[in-house]
Amino acid sequence: MKFYNSLSRKEEEFVPINPLHVGMYTCGPTIYSFPTIGNWRTYTLSDLTFRTLKYFGYEVRHVMNLTDVGHLSGDNLGDSSTGEDRMAKAAEKEGVDAWSIAGKYGRDFLDSMSLLNINMPDVIAKATDHVPEQIALIESIEKKGYAYKTTDGVYFDVAKYESDGNTYGELSTLDVIKEGARVEANLEKKDPRDFALWKFFAKGQKRHNMEWESPWGMGFPGWHIECSAMSMKYLGDQFEVHLGGEDLRSTHHPNEIAQSECATGHKPFVKYWIHGAFLLVDGGRMGKSLGNAYSIHDIMNKGYDPLSLRYFYLSGHYRKQINFTWEALDSAQNGLNRLRKEVAKLGFSELDMVVGGDNEYKKSFEKALSDDLNMPEALAVLWKLLGDENVSLSDKASLVISFDQVLGLKLVQEEVSDLDESLSIDQLPSEVQQLIKDREEFRKQKNWEEADAVRNKISDFGYDIKDTSDGLIIKPLS
Ligand code: AMP
Ligand code: ZN
């Protein structure tokens, strides 16, 4: 399978460092507010990558961080010396402390993952739970001579790193990773590109009560160091996949590389860097001040199934920006409903779960996945399969189950919930009761063709039947 690797700027065959255990790290959210549907696009991409690797048989260990300290508004602009502290700002706004903010939004993030059917990563690592690891990493960088102290923090020395023959910012799309234009330059920094490893509260800066003792004094870790410290703690000095939104490509990820490779003696940190394009809203960037930074709760309050958002994400390739509008979500919801209707016509059984059809559709689906996670194409293959009258219902059923392991649209589980509305066998005409018994017999013999033929006869009497792992669902045909 191939991924576009932001580091080499081309599609590359996926060859794991360790063929048996793939390490994957996703930069998680800063838990100071409800995640937006933009954030969720990136976490859905992370889930699709995880599911695709699993589908192709890899054992994947997925680690995600929760940023609950240290993320200043200047960080994304390439400057970590100034800017507002996001946690402190939210704490002040809500009249609580930063720990309650982290608790409230951290819980909301984890609860909401299941709404989008995102698999829980193997490790969820909070920055505040890993302060000793971050301090140890900064110490090792300092010992090698790549850190210096100013009045407001400890900084990574980019020029020194470069003068020792290292390339800084290889990943970045910015010509020069520079201090953000919107924020004031920090005159104590040796180079505008230097970034904070450890921070002290500056005079006049909003304080929060997340502070720790360190060899450099009371303070808190810089934003970038947490991801280096936690990814290496759980995945080792070198691992396969590191993922985040496209904004992280310019400064956050180059900084992670510099810190980690500096500490490990220049072992290449990550093999494949995957970056998801942004979600736009109404054709532009979304923003809290614009009132269009929608959360998953806004989507649900308007009556949409959260999985319609997942379907919407699947309809665009992850490296292309997609534009969210309510009309686009309407069509995604309609698409998902139609898909469920089609799938509901199939028969499911325990056996279908293990048979796993092997045909041209499976090949096309896998080709789409292998082609840098081409989900729109994968979805198109599913639609084509459902419309193909030459494929037996049981083959369709098993393929749908297997495709949905990656797509994660709960195509199968949703229809199982129809069980309650099922007619019971004794409510049916005697001819239909007999046909159901005949079909059972054929299924026991694994004679799927005859079983399907009987099913069609049952349809002629005006009944639709579906096998689920919970039993048979019988409904009048609509
Ligand atoms: P943050 O909470 O700002 O650290 O962002 C968490 C993740 O969401 C990062 O991987 C960001 O790159 C990503 N992200 C932020 N905004 C968007 C957006 N509009 N579309 C897609 N991903 C986004
Ligand atoms: Zn990160």
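Quantities reported herein were computed from a predicted structural model and do not represent experimental measurements.

K.L.:
Could you clarify how one ought to interpret the pattern of salt bridges in this entry?
P.N.:
Opposite charge on two side chains makes pairing possible when the charged atoms of those side chains draw close. Evaluation of the coordinates by the stated rule reveals 14 salt bridges. E342 is the salt-bridge partner of K345, the closest N and O atoms lying 3.1 Å from each other. Judged by relative accessible area, which is 45%, K345 ranks as partly exposed. Three or more residues are tied together by salt bridges with common partners; here these are D47, R51 and R310.

K.L.:
How should the nonpolar core be read in this particular structure?
P.N.:
Soluble globular proteins tend to pack their nonpolar side chains together in the buried interior. Membership of the largest hydrophobic core comes to 125 residues, with the highest contact counts inside it found for I141, F156, L309, F312, F324, V400 and L407. No other element matches the 8 residues that helix α1 (residues 37-55) contributes to this core. Among the domains, domain 1 (17-276) and domain 2 (280-407) are the pair contributing at least three residues each to this core. Of all hydrophobic cores here, the second largest spans 9 residues; its members include L435, V454, I458 and I465.

K.L.:
In this structure, what is going on with the sheet that holds strand β11 (residues 270-276)? I would like to understand it.
P.N.:
Two modes of strand pairing occur in sheets, parallel and antiparallel, and in both the strands are linked by backbone hydrogen bonds. Read across the open sheet, the 5 strands follow the order β5-β4-β3-β10-β11; overall the sheet is parallel. One side of each edge strand has no neighbouring strand; the edge strands of this open sheet are β5 (123-126) and β11. Averaged over all pairs of adjacent strands, the angle between their axes in this sheet comes to 20°, without regard to strand direction. For strand β10 (residues 239-245) and β11, the ladder comprises 6 bridges, and the chain directions are parallel. For H242, the partnering residue across the bridge sits in β11 and is W273. Against the sheet, helix α6 (residues 223-235) touches β3 (21-26), β4 (59-66), β5 and β10, its axis set at about 150° to β4.

K.L.:
I would appreciate a short explanation of the coordination of the zinc ion (ligand 2) in the present structure.
P.N.:
Ideal values differ by geometry: the angle at a metal is 109.5 degrees with four tetrahedral donors, but 90 or 180 degrees with six octahedral donors. Binding of the zinc ion (ligand 2) to the protein goes through C27 (SG), C227 (SG) and H252 (NE2), at separations of 2.0 to 2.2 Å. In primary-sequence terms, the residues that donate to the zinc ion (ligand 2) follow C-x199-C-x24-H. On the criterion of sequence distance, the pair formed by C27 in the loop between β3 and α1 and H252 in helix α7 (residues 252-263) is long-range, its members being 225 residues apart. Classification of C27 by relative accessible area gives buried; the value is 6%.

K.L.:
When you look at the packing of aromatic side chains in this model, what are you seeing that I'm missing?
P.N.:
The description of two aromatic rings rests on the distance between their centres and on the angle between their planes. Throughout the structure, instances matching the rule amount to 26 aromatic pairs. Between the aromatic rings of F269 and W273, the centroid separation amounts to 6.1 Å while the plane-to-plane angle is 55°, which identifies the pairing as tilted. One aromatic cluster is present, built from ring pairs that chain together Y294, Y304, F312, Y313, F324 and W326. Above the ring of Y146, the side-chain terminus of K160 is found at 5.1 Å from the ring centroid. Its end group placed over the ring of Y148, K190 keeps NZ or CZ at 4.6 Å from the ring centre.

Basis of the calculations
The residue count restarts for each chain, going from 1 along the sequence in the order it is written. Chains carry letters and ligands carry numbers; both start at the beginning, A for chains and 1 for ligands, and go up in the order they are written. pLDDT decides what is reported in this predicted model: residues at 70 or higher carry local features, side-chain atom pairs at 80 or more are listed and counted, and totals for whole chains, interfaces and linings draw on all residues regardless. Values shown for side chains rest on all heavy atoms present in the structure; no hydrogens or waters enter the calculation. Think of a salt bridge as a Lys or Arg side-chain nitrogen and an Asp or Glu carboxyl oxygen that are within 4 Å of each other. Partly exposed describes any residue whose relative accessible area lies between the buried limit of under 20% and the exposed limit of over 50%, with all areas from a 1.4 Å probe on protein chains only and scaled to the type maximum. As used here, the term nonpolar core means buried Ala, Val, Leu, Ile, Met, Phe, Trp, Tyr and Cys residues forming a set that is joined through side-chain atoms within 4.5 Å. Every helix listed is a DSSP run of H or I at least four residues long, and every strand listed is a run of E at least two residues long, numbered separately from the N terminus. Note: domain ranges come from an automatic or database domain assignment. For two strands to pair, DSSP has to find at least two bridges joining them. The convention used is that axes are lines fitted to C-alpha atoms, helices contributing only their stretch in contact, and that angles between N-to-C directions extend from 0 to 180 degrees. Contacts are assigned to residue pairs with any non-hydrogen atoms lying within 4.5 Å of each other. Note: metal donors comprise N, O and S atoms at 2.8 Å or less from the metal (3.2 Å for Na, K and Ca); water molecules are not included, so apparent gaps in a site are possible. A pair of aromatic rings is counted whenever rings of Phe, Tyr or Trp (Trp by its six-membered ring) have centres within 6.5 Å, and the orientation is called stacked for planes under 30 degrees apart, edge-to-face for over 60 and tilted otherwise. The criterion for a charge sitting over a ring is simple: Lys NZ or Arg CZ within 6 Å of the ring centre, and within 35 degrees of the ring normal.

These results come straight from atomic positions and should not be treated as a statement about function.
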